[in-house]
Amino acid sequence: MKKNKVVVALSGGVDSSVAAYLLKEQGYELIGLFMKNWHDENVTISDECPWLEDSNDAMLVAEKLKIPFQTVDLSKEYKEKIIDYMFDEYSKGNTPNPDILCNREIKFDVFMDIALSLGADYVATGHYSNIKTNNTDVNNIKHELHSGLDETKDQSYFLCQLNQKHLNKIIFPIGNLKKTEVREIAKINNLVTADKKDSQGLCFVGKVSLPDFLQQKLKKKTGKNSTEHALSAATKQDCSFDIVNLSIENPCKEKAID
């Protein structure tokens, strides 16, 4: 029997590479899709935005796995939905989290729509999270967002604004693995990303901290609800805004928003 078609978001990192490998081993029909979301040199340092390298690594992984590969340019949507919104909110003294926004507005909205238009039944990513289905009421099936097995890599916090429509169409293949296991799988199967370092910058922008990024366009203002206050808060939450390497108490842990 033919397995479902899955579009896997290949980011050029080891996590999404192994996610694709595991799905291929399980017999799914796969399409690898790389998102090009940022290439504006006016608000970041071009040398520190390695999307070309990431795209190339994603393509090499797809070739290794013998799956179709495409690149989609979502830079317009990313600028409008994430970057412009971030600058606007921080200028008001508010402190939205860019990764939560990115997952809600880009990966599991615009990107998911593209995936479904390609005939996909599901979208898969390399997030360290799990989805469990509550079937106790057949007339009201609920999908719950749970933490990943690796507590040091759990990313469910960044996915906490996904709703039932999203969760019904998502697969997290590495949710029950530890990072060490993911790298070992990549090494055993000679994936080019096996030893690639985890990204440490602002989601899809590159190796630049959130405060530094914001201050390229925003000027500090003093006051109770000020840009200075917001930038200070950004510094405190600036641990790693790409979808890796955060280990924090998760206020949205276990269940997704309806």
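All values derive from a computational prediction rather than experimental measurement.

Undergrad: Honestly, the overall build of the protein chain in this entry has me stumped. Any pointers?
TA: When you go through the protein chain residue by residue, the secondary structure sums to 8 helices and 7 strands. For the protein chain, the residues scored as buried account for 52% of the 258 residues in total. Long-range pairs, those at least 24 residues apart, make up 75% of the contacts in the protein chain between residues at least 6 apart in sequence. Accessible surface, the protein chain as shown: approximately 12,700 Å² in total, 47% of it carbon and sulfur.

Undergrad: In this structure, what is going on with the sheet that holds strand E2 (residues 29–36)? I would like to understand it.
TA: What links the strands of a sheet is backbone hydrogen bonding, and the strands pair in either a parallel or an antiparallel sense. Pairing in this open sheet of 5 strands is parallel, and the strands run E3-E2-E1-E4-E7 from one edge to the other. What marks the edges here is a single partner per strand, and that holds for strand E3 (69–73) and strand E7 (170–171). Inspection of the sheet shows strand E1 (residues 5–9) paired to E2 by 5 bridges, in the parallel sense. Looking at E2, one finds that Ala 9 is bridged to Leu 33. Packing of helix H1 (residues 14–25) onto the sheet brings it into contact with E1, E2, strand E4 (122–124) and E7, and relative to E1 it is tilted by some 165°.

Undergrad: Would you explain the packing of aromatic side chains in this entry?
TA: For any pair of aromatic rings, the description consists of the separation of the ring centres together with the inter-plane angle of the planes. Counted under the stated rule, the structure contains 1 aromatic pair. Seen from their ring centres, Tyr 157 and Phe 158 are 5.4 Å apart, and the 65° between their planes marks the pair as edge-to-face.

Undergrad: Is there a simple way to think about the pattern of salt bridges in this case?
TA: Charged atoms that come close allow side chains of opposite charge to pair. Scanning the model with the defined rule gives 14 salt bridges in all. The partner of Lys 153 in a salt bridge is Asp 198, with the nearest N and O atoms 3.5 Å apart. Of this pair, Lys 153 sits in the loop between strand E6 (142–147) and helix H5 (164–167) while Asp 198 sits in the loop between helix H6 (179–188) and helix H7 (210–214), and the two are 45 residues apart along the sequence. Of the two residues, Lys 153 and Asp 198, neither departs from the other in class, the shared state being buried. The structure contains a network of salt bridges with shared partners spanning Asp 15, Lys 153, Lys 179, Arg 183 and Asp 198.

Undergrad: Quick question: what am I supposed to make of helix H3 (residues 75–91) here?
TA: Owing to its 3.6 residues per turn, the α-helix brings residues three or four apart onto one side. Of all the bends in H3, the greatest, near 30°, is centred on Tyr 85. Buried residues of H3: Ser 75, Tyr 78, Ile 82, Ile 83, Met 86, Phe 87, Glu 89 and Tyr 90, and no others. Note on H3: the residue one or two positions beyond its end, Gly 93, has a positive phi of about 90°.

Undergrad: Help me understand the confidence of the model for the protein chain, please; the structure alone is not making it clear to me.
TA: As a note on interpretation, predicted positions should not be read in detail where pLDDT is low. Confidence in the prediction of the protein chain, expressed as mean pLDDT, is 80, and 71% of residues score 70 or more. Confidence drops under pLDDT 50 across residues 226–258; counting only partners more than four residues distant or on other chains, this segment forms 95 contacts.

Undergrad: In this structure, what is going on with the nonpolar core? I would like to understand it.
TA: Soluble globular proteins tend to pack their nonpolar side chains together in the buried interior. Within the largest apolar cluster, 29 residues are counted, with the highest numbers of intra-cluster contacts made by Val 7, Met 35, Leu 74, Ile 106, Phe 108, Phe 111 and Ile 170. Elements that contribute at least two residues to this core include exactly E1, E2, H3 and helix H4 (98–117). If one sorts the elements of this core by residue count, H4 sits on top with 8 residues. For Ile 106, the contacting residues outside a window of four places in its chain are Met 35, Asn 37, Leu 74, Glu 77, Tyr 78, Lys 81, Ile 82, Leu 101, Phe 111 and Met 112. Of all hydrophobic cores here, the second largest spans 28 residues; its members include Val 6, Ala 58, Ala 62 and Leu 191.

Undergrad: I would appreciate a short explanation of unusual backbone geometry in the present structure.
TA: What is expected of a backbone is that most residues other than glycine have negative phi and most peptide bonds are trans. Notably, Lys 66 is not glycine yet its phi reads approximately 60°, a positive angle. Relative to the assigned elements, Lys 66 resides in the loop between helix H2 (51–65) and E3. You can call Lys 66 exposed: its relative accessible area is 70%. The phi dihedral of Asn 190 is positive, around 55°, even though this residue is not glycine. Considering the arrangement of structural elements, one finds Asn 190 in the loop between H6 and H7.

Undergrad: When you look at the environment of Lys 36 in this model, what are you seeing that I'm missing?
TA: Structurally, the position occupied by Lys 36 is in strand E2. Considering only alpha carbons, one finds Lys 36 and Ser 55, 19 residues apart in sequence, at a separation of 8.0 Å. Not counting chain neighbours up to four residues away, the residues in contact with Lys 36 comprise Trp 51, Thr 71, Val 72, Asp 73, Leu 74 and Ser 75.

How each quantity is defined
- Sequence order as written defines residue numbering, which begins from 1 separately in each chain.
- Local features in this predicted model are restricted to residues of pLDDT 70 or higher, and side-chain atom pairs are both shown and tallied only at a pLDDT of 80 or more, whereas totals for entire chains, interfaces and linings draw on every residue.
- The side-chain quantities take in all heavy atoms of the structure and omit both hydrogens and water.
- Segments assigned H or I by DSSP are reported as helices when at least four residues long, segments assigned E as strands when at least two residues long, and all are numbered from the N terminus.
- Only protein chains enter the accessibility calculation, which uses a 1.4 Å probe; a residue is then buried when its area is under 20% of its type maximum, exposed when over 50%, and partly exposed in between.
- Residues are treated as being in contact if the distance between any of their heavy atoms lies within 4.5 Å.
- Calculation of accessible area relied on Shrake-Rupley with a 1.4 Å probe; when residues are assessed, cover is drawn exclusively from the protein chains displayed.
- A strand pair is defined by DSSP finding two or more bridges across the two strands.
- In this analysis, axes come from line fits to C-alpha atoms, helices being fitted only over the stretch in contact, and the angle between any two N-to-C directions falls in the range 0 to 180 degrees.
- Centres within 6.5 Å make a pair out of two Phe, Tyr or Trp rings, where for Trp the six-membered ring is used; the pair is then stacked when the planes are under 30 degrees apart, edge-to-face when over 60, and tilted otherwise.
- Put simply, a salt bridge is a Lys or Arg side-chain nitrogen that is within 4 Å of an Asp or Glu carboxyl oxygen.
- A residue's bend is the angle separating two fitted axes: one through the seven residues that end there, the other through the seven that start there.
- Confidence scores labelled pLDDT are given residue by residue by the predictor and lie between 0 and 100.
- What makes a nonpolar core is a set of buried Ala, Val, Leu, Ile, Met, Phe, Trp, Tyr and Cys residues whose side-chain atoms join them at distances within 4.5 Å.

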